[in-house]
Amino acid sequence: MNKSGIINNLAEKQKFLLKKDIEDSVTLIVESLTKALSDGDRVELRGFGSFSIRERNERISRNPKTGKSISVQKKFHPYFRASKNLKKIINN
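All figures in this text were calculated on a predicted structure; none of them were measured in a lab.

Our focus in this paragraph is the packing of aromatic side chains. The geometry of two aromatic rings is summed up by the distance between their centres and the angle between their planes. By the definition in use, this model includes 2 aromatic pairs. Between F48 and F80, the aromatic rings sit 5.4 Å apart at their centres with planes inclined by 45 degrees, giving tilted as the arrangement. Of this pair, F48 sits in the loop between β1 (43–45) and β2 (49–56) while F80 sits in strand β5 (residues 75–82), and the two are 32 residues apart along the sequence. Aromatic pair F51 and F80: ring centres 4.8 Å apart, planes at 45 degrees, arrangement tilted. Of this pair, F51 sits in strand β2 while F80 sits in strand β5, placing them 29 residues apart in sequence. Positioned above the aromatic ring of Y79 is the side chain of R54, whose terminal nitrogen or guanidinium carbon lies 3.5 Å from the ring centre.

This is the structure we're talking about:
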């Protein structure tokens, strides 16, 4: 399911809300989550999971096409850890 699918799903379930309001809300939540992660903060949604960033150190890698060694800069990547409740729901 993508962002528009989530918006359509919520609009079908919540008939009293305007689709535009739902779209604005979902966009605001995603932007807030993105901003928090870019600031280096951790975001926790109880019962769902937590988002954080992890650092990847600088390293030497290979271009798979040419086999040439290249230097890869230090960078950060997003990390999601599901809550126990979410894992329980998925596995039952």
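Counted by the stated rule, this structure contains 5 salt bridges. In this structure, D39 engages K35 in a salt bridge whose closest nitrogen and oxygen atoms are separated by 2.9 Å. The salt bridge partner of R46 is E44, with a shortest N-O separation of 3.3 Å. For R46, a relative accessible area of 75% puts it in the exposed group. On the basis of relative accessible area, E44 is assigned to the partly exposed category, the value being 40%. Within this structure, R42, E44 and R46 form a network of salt bridges that share partners.

Before going further, it helps to examine the pairing of strand β3 (residues 59–62). Inspection of the sheet shows β3 paired to strand β4 (residues 69–72) by 4 bridges, in the antiparallel sense. Each residue of the ladder has a partner; that of R59, found in β4, is V72. In this antiparallel pair of consecutive strands, β3 and β4, the connection spans 6 residues, and G67 shows a positive phi of 80 degrees.

It is worth spelling out the environment of R46 at this point. Tracing the chain through its elements places R46 in the loop between β1 and β2. Separated by 38 residues in sequence, R46 and K84 place their C-alpha atoms 9.9 Å apart. There is a polar contact of 3.3 Å between the side chain of R46 and the side chain of E44.

Together, M1, I6 and L10 line one region of the surface with nonpolar side chains, adding up to about 310 Å² of accessible area. Locating M1 in the fold gives a position in the segment before α1 (3–13).

Reading the values: the criteria
- Residues numbered from 1 in each chain as written.
- Predicted model: local features only at pLDDT ≥ 70, side-chain atom pairs only at ≥ 80, totals over all residues.
- Heavy atoms only, no water.
- Phe/Tyr/Trp six-rings, centres within 6.5 Å; stacked < 30°, edge-to-face > 60°.
- Helix = DSSP H or I, 4+ residues; strand = E, 2+ residues; numbered from the N terminus.
- Lys NZ or Arg CZ within 6 Å of the ring centre and 35° of its normal.
- Salt bridge = Lys/Arg side-chain N within 4 Å of Asp/Glu carboxyl O.
- Buried < 20%, exposed > 50% of the residue type's maximum accessible area, 1.4 Å probe, protein only.
- Pairing = 2+ DSSP bridges.
- Polar contact = N/O pair within 3.5 Å; in protein donor to acceptor, adjacent residues only side chain to side chain.
- Patch = residues over 30% accessible without salt bridge, like charges linked within 9 Å, V, L, I, M, F, W, Y side chains within 5 Å.
- Areas by Shrake-Rupley, 256 points an atom, 1.4 Å probe, with all protein chains shown as cover.

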